[in-house]
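# Geometric and topological summary
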Amino acid sequence: MTRGSRAGRGGDAETALSRLSRPPGARLPDRAFHHGSRALLFLLLALSVTFFFPLSTGLQVSTYEVGMVADEDVIASISFGVPKTPEELQLERSSAASAVPLTFELQPEAADSMETDLGRFFEQLAAAAQAATPSEEADALLSSFGLTLSGAQRELLLEPDTLALIRDTALRAVRELMPEGVLSESGRLSPSSTGRILVKTIEGGERYMAQDSVLSSSQFYERATQFLPLDTGSEVNELLRLSLIRFMDPTLRYDAVSTEQDRNAARRAVAVLKANVLQGEAIVRANQQLGESEIERLRAYEEALRAQGELEDPGLRVSGLVGSVFLNLLVLSVLGFLLFFFRPDVYGNFRWMLLLGILIMSFSGTSGIIARNGLPAELLPIAFVSLAAAVLWDGRLALVLAAILTVIVGIQGPFQNVTAWLPVFVAGSAAALSVRAVRRRAQTWIFIAIIVGSYAAVLLALGLVTGRDPQLVATSLAWAGGNSVVSAILAMGFLPVFEWFTGITTDQTLLEWADPNRPLLKRLSMEAPGTYAHSINVANLAEAAANAIGANGLLCRVGVYYHDVGKILKPQYFIENQPAGRNPHDKLKPVTSAAIVREHVTEGIRLAEEAKLPQVLVDFIPEHHGTQEISFFYEKARQDVEDAEDELDPEAFRYPGPRPRSKETAVVMLADSVESATRTLKDPTPDRVMELIDSIVDSKIQRGQLEEAPVTLQEIGVMKRQFHKVLGGVYHSRIDYPQTRHLTESPASKSEDDEAKTRAASASDRAPSKQTGSPPQAREPASIDEEA
């Protein structure tokens, strides 16, 4: 996370937010305005929280949970009933309905009708047997009744004895069996829990019959065949069965309307109350562990009190409201004082304070909606707030914010139980501590896994302590998992909006600006390749040094990429882009050359702002030069004019500044000068490189360029050692291969004897230049500052 000033982005006129973010002056009105605006913000937050969680005055009997131990007696002040749960009521009503026997209507006239039809049929069949052509007459008669018989069956049926036997047996079966009641095959009974049916007669009488005593049509046919003599053949049995089937008219008919009426009556008869509590009766005793039945009684008591208006006490409404606001304000004040004493950077920036207020309000508002609708506490979006705060600022501030929000919801009625607020605190803490450097979008799923894991651990622990049903624990974990996914995705999705509002640049945004295909970097690499290569080398130096002192190494790297973009306009006037032996400054006046060198700072700022570069990156362009003197051209100008002190303007030969105001820009100032200077060393041995680094850093300190940067002498020492370590890897010696020695060897070294050459090659080191050069002076070479 890096911080950038938003000054100058909306013109010269200061906005109200920027005025509120200015440090307070020494005057009392200024200090009162500065601190009063923040106090007002916290007061508005306390009022908002109170609005989201309206007071529930009167008795609070619903705060008890299963597994708790009552700290006092709860005595019923009114009589009330304990209703059954919807599930219990539905189950009992279903059981009552299923216990109602099926209702059938007995119709004895059906037996008379069947007997008459059978008698007429057999009479006509007997007449057909006496006809001249009995077979033809019988076939016609059978066809008219819808009966199809084989020739043998027809001849057997036409025999007088067989016909008489079948007729008498059929009529006997109808007279003896049908009055008891016979069902059709389609109305056959299925097994019932009652084991009986209700039979209604035409006269209005009712009687219950055992279910297994009721004959179905198939059972009736089987019983009818039993009336035949034992020696009767199967053909006769079949003819009897076919005759009965043809004229079957069941005497028991299912009465669906009466059955459903009886079932509805049974359902209505089920009591909706499982118990009645009398006035003065103890609902819960002190020191008693609460089970499901006690909780049901307490909830029923609360509803009864609410129905009678005894939970509303107008006399306590105002005082309770004031007390709630004051309590919420006290909790929020802890956060305010912590920011004031330990995070003055956050406290002083009103935009940041306002965003913290928005996060608190969004969490409280969502929590209020969850409480009003009776949704589970696992849906409280603590991960959204913690992740956003941790990415924008750091994990410590996010952890404190999560603790404050946990206390805020924990003092509200719906979430006062430990099973509600403890998972919120653990999940919020896990979200805060899971964030380090967010450099990949895929890290969101790592956050989600950590948060869900913390939810699982705390819910499992609470489940074991309270003896909660494992299925309920699994349901709570499912809610928590969905909440974690949505909260993390929303936090990462809103991050660009938060960055825009606060002016904070996160590592994700820095990585996006580090893309070499960005138009500005693409132009730099194509139009000023020497500057681009120099920027890459300085970036390596600066990142290593920044990480060593605990600064933001990624910010240093990306800032260095853009620190010299102003050279795009006139790249040939800077030494790293000049061909050997050609320097256009030789034909210019010193004041013109100095103006060109100064111009790359101002033009770099312009190009960066046109590209909408974050302000924290734009700051690297002027601050890496500070207010250093462009000494080479200044000295040259003094030599070219007489009485230079009167005619030369020193400011024309000085970078516009400001001096470095952050650790990162201070690191880049030193890394830029060190990298440029080491290129001028003829023999970059480790000792000479270290001597040069000491000289450059000391000169920056002597000139006061690091006075505004928050770096210590100890950190400067760490930076110097890190510079030396990285440059040692860049300028290490290499083997002088015989095949390429004629390209790498200087003319002077070629005159050495063969023995010296052999020793140099066998030492696996490149022979140092014979030009010893002078040791670096306290003032760096002109190319360090002027870059021309």
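Our structure is the block above this text.
None of these values were measured; they are calculated from a predicted model.

Helix and strand counts for the chain come out as 35 helices and twelve strands. A total of 788 residues make up the chain; the buried ones form 44% of that total. Within the chain, counting contacts between residues at least 6 apart in sequence, those at least 24 apart form 78% of the total. Carbon and sulfur atoms make up 56% of the accessible area of the chain, which amounts to about 39,600 Å² in all.

So, on to the sheet that holds strand β4 (residues 102–106). The sheet built from four strands is open, its strands ordered β7-β6-β4-β9 with mixed pairing. Because the sheet does not close on itself, it has two edges, and the strands there are β7 (206–210) and β9 (252–254). For this sheet the average axis-to-axis angle between neighbouring strands, irrespective of direction, equals 35°. In the sheet, β4 pairs with β9 via three bridges, with the strands oriented antiparallel. Looking at the pairing, L106 lines up with L252 of β9. On the sheet, helix α10 (residues 256–268) packs against β4, β6 (196–200) and β9 and is oriented at approximately 145° with respect to β4.

Our next topic: the pattern of salt bridges. Note on pairing: side chains with opposite charge can pair once their charged atoms come close. Scanning the model with the defined rule gives 28 salt bridges in all. Among the ionic pairs, R606 bridges to E610, the shortest N-O distance being 2.8 Å. Linking R606 with E610, this pair stays in helix α24 (residues 590–610), spanning four residues, or about one helical turn. With a relative accessible area of 52%, E610 lands in the exposed category. R661 is the salt-bridge partner of E623, the closest N and O atoms lying 3.0 Å from each other. Here the residue E623 occupies a position in helix α26 (residues 620–623), and R661 occupies one in the loop between α28 (644–647) and α29 (663–678), the gap between them amounting to 38 residues. Each of E88, K274 and E296 takes part in one network of salt bridges that share partners.

Within the span of helix α27 (residues 631–640), buried status applies to S631, F633, Y634 and A637. Buried residues of α27 fall within an arc of 165° about the axis and therefore sit on the same side. Those residues of α27 that are exposed and aimed more than 90 degrees away from the buried face are Q639 and D640.

Let us look at unusual backbone geometry. Of note, the amide linkage connecting G657 to P658 takes the cis form, showing an omega dihedral of 5°. Here P658 lies in the loop between α28 and α29.

Within soluble globular proteins, side chains that are nonpolar tend to cluster in buried spots. Counting 67 residues, the largest nonpolar core has L387 and W393 as its most contacted members. Here the element with the most residues in this core is helix α15 (residues 382–392); it accounts for ten residues. Counting 66 residues, the second-largest nonpolar core is a separate cluster that includes L510, L617, Y634 and V667.

All right, on to the packing of helix α7 (residues 160–177) against helix α9 (residues 234–246) then. Packing of α7 against α9 leaves a shortest axis separation of 10 Å and a crossing angle of 50°. By the criterion of interaxial angle, the relationship of α7 to α9 is oblique. Here α7 runs over α9; the crossing is right-handed. Here T162, L165, I166, T169, A170 and V174 of α7 lie close against α9, whose contacting residues are V236, L239, L240, S243 and L244. The residue makeup of the contact of α7 with α9, split by class, is eight nonpolar, three polar and no charged.

Let us now look at the pairing of β4. Of the pairings in the sheet, the one linking β4 to β6 comprises four bridges and is parallel in character. Directly across from T103, in β6, lies its bridge partner L198.

In the sheet, β6 pairs with β7 via five bridges, with the strands oriented antiparallel. Each residue of the ladder has a partner; that of R196, found in β7, is A210. What sits between the antiparallel neighbours β6 and β7 is a turn of five residues, in which G204 has the positive phi angle 100°.

A few words now on the environment of A545. Counting through the fold element by element, A545 comes out in helix α22 (residues 529–548). C-alpha of A545 to C-alpha of M719: the two residues are 174 residues apart in sequence and 5.0 Å apart in space. In contact with A545, other than residues within four places in its own chain, are V667, M719, Q722 and F723.

Okay, the packing of aromatic side chains next. The full count for this structure, using the stated rule, is 18 aromatic pairs. Look at W500 and F501: their rings are 6.4 Å apart centre to centre, the planes differ by 50°, and that puts the pair in the tilted class. Overall, the relative accessible area of 16% leaves F501 in the buried class. Joined through ring pairs, the aromatic side chains of F121, F122, F145 and F247 make up one cluster. The cationic tip of R38 hangs over the ring face of Y347; the distance from NZ or CZ to the ring centre is 5.4 Å. Sitting over the face of the ring of F247, R246 holds its NZ or CZ atom 4.9 Å from the ring centroid.

About the thresholds
- Residues numbered from 1 in each chain as written.
- Predicted model: local features only at pLDDT ≥ 70, side-chain atom pairs only at ≥ 80, totals over all residues.
- Heavy atoms only, no water.
- Helix = DSSP H or I, 4+ residues; strand = E, 2+ residues; numbered from the N terminus.
- Buried < 20%, exposed > 50% of the residue type's maximum accessible area, 1.4 Å probe, protein only.
- Contact = heavy atoms within 4.5 Å.
- Areas by Shrake-Rupley, 256 points an atom, 1.4 Å probe, with all protein chains shown as cover.
- Pairing = 2+ DSSP bridges.
- Axes fitted to C-alpha atoms, helices over the stretch in contact; angles between N-to-C directions.
- Salt bridge = Lys/Arg side-chain N within 4 Å of Asp/Glu carboxyl O.
- Arc of directions from axis to C-beta.
- Core = buried A, V, L, I, M, F, W, Y, C linked by side-chain atoms within 4.5 Å.
- Parallel < 35°, antiparallel > 145°, perpendicular 65-115°, else oblique.
- Left-handed = near helix turned anticlockwise from the far one by under 90°.
- Nonpolar A, V, L, I, M, F, W, Y, C, P; charged D, E, K, R; others polar.
- Phe/Tyr/Trp six-rings, centres within 6.5 Å; stacked < 30°, edge-to-face > 60°.
- Lys NZ or Arg CZ within 6 Å of the ring centre and 35° of its normal.

Just distances and angles here, no functional claims.
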